[in-house]
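Here are the chains, one letter per residue:
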Amino acid sequence: MISPQLYKHSLILGNDMMFHFNRFYEAYMQIKTGDFNYFQSIFGFDQSGRIVNALYGPDFAYLQGLLMFLTKNWFRYQLLSSFLCFFIAGIAMFSLTRKAKLSYKSSIFISLLYMSSSMVSYYALSQNMTSWGAAFIPFIYIPAIRAIQDPQKPIKSIELALAVTSVGFLHNLTLFLGILSSAPFYVIGFFRANHKGKMIKDFFIAVLLTILLNINTLIGFAEVYLTNELVYPKFFEDVLSYTIYFDIGDNTYSSLGLIFSCIMLFQIFYLFINWKSTSMLERLLTLVGAFFLLLSTNFLPWEDISQYTNLVRIIQFPRRFSLIAYVFLLISFAFTLETNVKGLSNINKKIVYPILCMISFFMIANVNSKVLQSAEAWETDNPTAAGNNSAWTTTDDPDKIRKGFTSGRYEDAFKVIQKPTPDYLPLLNGTTQEELEEQGGYNLYGDQVINNELNVAKTTDNKNSLVLTWESNGNEKEVLPAVVYERSQINFNGSNYASSQISKTTLGAPIVETKNGKNKFVISYEPLVNTTLLLVIKFFTIGVLAIFTFVKGVRKFHNVRNQNRE
């Protein structure tokens, strides 16, 4: 699926590329230099000190930074990162289908289909982080299926904690959808459990382990959100344009396409027509999948709904609900397929499986074609044609744009494309989200930080705080190209200030009155809870779980060996 990019030796500059490349570059530079700052961006995002990674999968960002450290350039990094997204999605879906006790052939078929879905493939095409959520979310349903299948021990605490952590470490929205869609499994599992008290105990142990494993993410996220009003990701008024629709064409981010439309609709109708002959697991998978599919479509009046609830602003695109439908309806379709194939003769069975292989190949070829189309844009006069970054380029020369990503220096990419995404900046001075969008949040951030005309040098001090220095003629009010939050600590020309003592723009850029000569402005961030303590708790929990799992595995191995001897 990613081979065209390899053959073309091309980068794909998708819509979300610059935002996430900045995040991962920040983590990469902290790993490279050893200058660790959990909250502030001291290398990426124009060294503005804005908080991004602490709010958006910090653990995953550092893993991607490590990947950048190993690959050395943007091309190798993007190729390997896209490969891993596809690969993990396939492994996760295969593991889930095998847990559901589907056959090997069906598991391979469903896994290939899932890998080729737009939910997964749009990371390669657009650097969309929902795709990484899609890659990991099948893991979260492995313990959910256990809750239905195993009334004797419906919950294994460590398994459940690790499953939730595998999604929670990278994408909060996907975790929310995963927990929401898993809830019916545990409710039904509770009524079917032989030992309800033990199930409750195991559940709360899993919750405790999950909190400990994600404590840095949870505390960091809660702290910044509770002490600041932050800018939401951009909300699109024409919300119906960002729903899923059924189609007989290709599978895209807004269209199910012919194959997935047929599979999902067939499975929903099949369930209601053959209700009595289906298992509890099949019913639950199909009903929950159908519910989330409905939420993702334009069959609901989303524009009216958005006027009465902030849910749409949080979800941003209703089509994101379809992620659950892809997982559940594909698996339930595999159950239906196996049930009906069993009654066929051997001759007919030999026909069915080649047809499934043909469908899988068709879907993989579709992704291959889309990747090829996006990769070809790299060599054109507009290398950014695969995404929406053309408005933010600093040069019209396509060769200079390409050189920014192929020079061997990661930072050169941010010199040729400077996309002023205002997400997660503080929203101040009584400004509402709607007013910010009317004023043009992208332009405000661009003017105040990225294209700020003040000649400021940015460095870090021995505490890894952001240091701004500049020369001034004195007694001038200046907007500094940096961002200050509620818990930020300021030292301006030798005097200490709290955040509340500093004037700020709508998006948190400090406004100061300079002195004649050299001026120095230092921004640090003082969290409510010490970050080092949180990380010690996290890694101590990981160590204890690793030792416990190892000891338990050794005991199981010896018990099996002793039984074989007897």
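Here the structure is a predicted model, which means the values were calculated and not measured.

To continue, consider the overall build of the protein chain. Along the backbone of the protein chain there are 22 helices and eight strands. On C-alpha atoms alone, the protein chain measures out to a radius of gyration of 26 Å, which is about the 24 Å that the 2.2 N^0.38 rule sets for 566 residues. With the C-alpha coordinates of the protein chain rotated into their principal frame, the extents come out at 90 × 55 × 50 Å. Relative to its full complement of 566 residues, the protein chain shows a buried share of 55%. A separation of at least 24 residues holds for 76% of the contacts in the protein chain among residues at least 6 apart in sequence. Entry remark: accessible area of the protein chain is about 25,400 Å², with carbon and sulfur atoms responsible for 59%. Within the protein chain, one finds 47 positive and 41 negative side-chain charges whose respective centroids are separated by 16 Å.

Our next topic: helix 16 (residues 322-341). Between the first and last C-alpha of helix 16 there are 28 Å, a value that for 20 residues agrees with the 28 Å anticipated at 1.5 Å per step. Counting buried residues in helix 16 gives 18 out of 20 residues, a clear majority hidden from the surface.

Attention shifts here to empty space enclosed by the protein. Under the definition given, this model contains two cavities of 30 Å³ or more. Taken as a whole, the largest cavity encloses approximately 50 Å³ of empty space. Ranked by residue count, the leading element in the lining of the largest cavity is helix 2 (residues 17-33), at three residues. Split by residue class, the lining of the largest cavity holds five nonpolar, five polar and two charged. Of the volumes computed, that of the second largest cavity is approximately 30 Å³. Lining the second largest cavity, in full, are Tyr38, Phe39, Asn216, Ile219, Gly220, Glu223, Pro527, Val529, Thr531 and Leu534. Listed by contribution, the elements that provide at least two residues to the lining of the second largest cavity are helix 11 (215-227) and helix 22 (531-565).

Take the sheet that holds strand 7 (residues 510-513) next. Across the sheet, three strands lie side by side as 3-7-6; this open sheet has antiparallel pairing. Strand pairing shows two members of the sheet lacking a second neighbour, strand 3 (477-479) and strand 6 (503-504), which therefore form its edges. Note that strand 6 and strand 7 share two bridges and pair antiparallel. Paired with Lys504 across the bridge in strand 7 is Pro510.

Pairing is antiparallel across the open sheet formed by five strands, whose spatial order is 1-2-8-4-5. Sheet topology places strand 1 (457-460) and strand 5 (495-498) at the edges, where each strand pairs with a single neighbour. Direction aside, neighbouring strands of the sheet carry axes that sit 25° apart on average. Taken together, the eight bridges between strand 2 (residues 466-473) and strand 8 (residues 516-525) define a ladder with antiparallel strand orientation. Residue pairing in the sheet places Ser472 in a bridge with Gly517 of strand 8.

Relative to the assigned elements, Thr71 resides in helix 3 (residues 58-71). Ignoring anything within four residues of it in the chain, the contact list for Thr71 reads Arg76, Tyr77, Leu80 and Tyr410.

Within this structure, the stated rule accounts for 46 aromatic pairs. Measuring from ring centre to ring centre gives 5.1 Å for Tyr25 and Phe414, while their planes differ by 55°; the resulting arrangement is tilted. With Tyr25 in helix 2 and Phe414 in helix 19 (residues 413-416), the pair connects residues that are 389 residues apart, well separated along the chain. Of the two residues, Tyr25 and Phe414, neither departs from the other in class, the shared state being buried.

A few words now on the layout of surface pockets. If you add up the space inside the largest pocket, you get close to 1,300 Å³. Along its surface, the largest pocket is lined by 41 residues, and Asp16, Pro233, Gln316, Phe317 and Arg320 are the ones closest to its centre. When contributions to the lining of the largest pocket are tallied by element, the ones reaching two or more residues are helix 2, helix 6 (118-126), helix 7 (129-149), helix 9 (172-192), helix 11, helix 15 (311-315) and helix 17 (346-376). Tallied by class, the residues present in the lining of the largest pocket amount to 21 nonpolar, twelve polar and eight charged.

Right, let's get into the nonpolar core. Trp74, Tyr77, Tyr114, Trp132, Val327, Ile331 and Phe405 are the most contacted members of the largest nonpolar core, which has 140 residues in total. Top element by residues in this core is helix 16. It accounts for 14 residues. Setting aside residues up to four positions removed in sequence, Tyr77 forms contacts with Phe21, Phe24, Gln64, Leu67, Met68, Thr71, Tyr123 and Tyr410. Counting residues in hydrophobic clusters, the runner-up holds 14 residues, among them Leu454, Val484, Val512 and Phe521.

Looking now at the pattern of salt bridges. One pass over the full model with this rule turns up ten salt bridges. Here Asp412 and Lys415 are joined by a salt bridge, their closest N and O atoms 3.4 Å apart. Exposure remark for Asp412: the relative accessible area of 8% places this residue in the buried category. Exposure remark for Lys415: the relative accessible area of 53% places this residue in the exposed category. Taken together, the shared-partner salt bridges in this structure form one network comprising Arg146, Asp150 and Glu159.

When pLDDT is averaged along the protein chain, the result is 91, and 99% of the positions lie at 70 or above. The secondary-structure element of the protein chain with the lowest mean pLDDT is helix 15, recorded at 72, while helix 4 (residues 74-99) shows the highest, at 96.

Sheet faces and side chains relate simply in a regular strand, where the side chains alternate between the two faces. Within strand 8, seven of the ten residues are buried, leaving the element largely enclosed by the surrounding structure. Judged from the five bridges that link them, strand 4 (residues 488-492) and strand 8 form a sheet pairing that is antiparallel. Bridge pairing links Ile490 to Ile523 in strand 8.

The rules behind each value
Residues numbered from 1 in each chain as written. Predicted model: local features only at pLDDT ≥ 70, side-chain atom pairs only at ≥ 80, totals over all residues. Heavy atoms only, no water. Helix = DSSP H or I, 4+ residues; strand = E, 2+ residues; numbered from the N terminus. Rg over C-alpha atoms; globule rule 2.2 N^0.38 Å. Buried < 20%, exposed > 50% of the residue type's maximum accessible area, 1.4 Å probe, protein only. Contact = heavy atoms within 4.5 Å. Areas by Shrake-Rupley, 256 points an atom, 1.4 Å probe, with all protein chains shown as cover. Lys, Arg positive; Asp, Glu negative; His and termini not counted. Charge placed at Lys NZ, Arg CZ, Asp CG, Glu CD. Expected span 1.5 Å × (residues − 1). 1 Å grid on protein atoms, 1.4 Å probe; cavity = no way out; pocket = protein on both sides within 12 Å on 5 of 7 lines; lining within 4 Å. Points joined across faces, edges and corners; volume = space filled by probe spheres on them. Nonpolar A, V, L, I, M, F, W, Y, C, P; charged D, E, K, R; others polar. Pairing = 2+ DSSP bridges. Axes fitted to C-alpha atoms, helices over the stretch in contact; angles between N-to-C directions. Phe/Tyr/Trp six-rings, centres within 6.5 Å; stacked < 30°, edge-to-face > 60°. Core = buried A, V, L, I, M, F, W, Y, C linked by side-chain atoms within 4.5 Å. Salt bridge = Lys/Arg side-chain N within 4 Å of Asp/Glu carboxyl O. pLDDT = per-residue confidence, 0-100.

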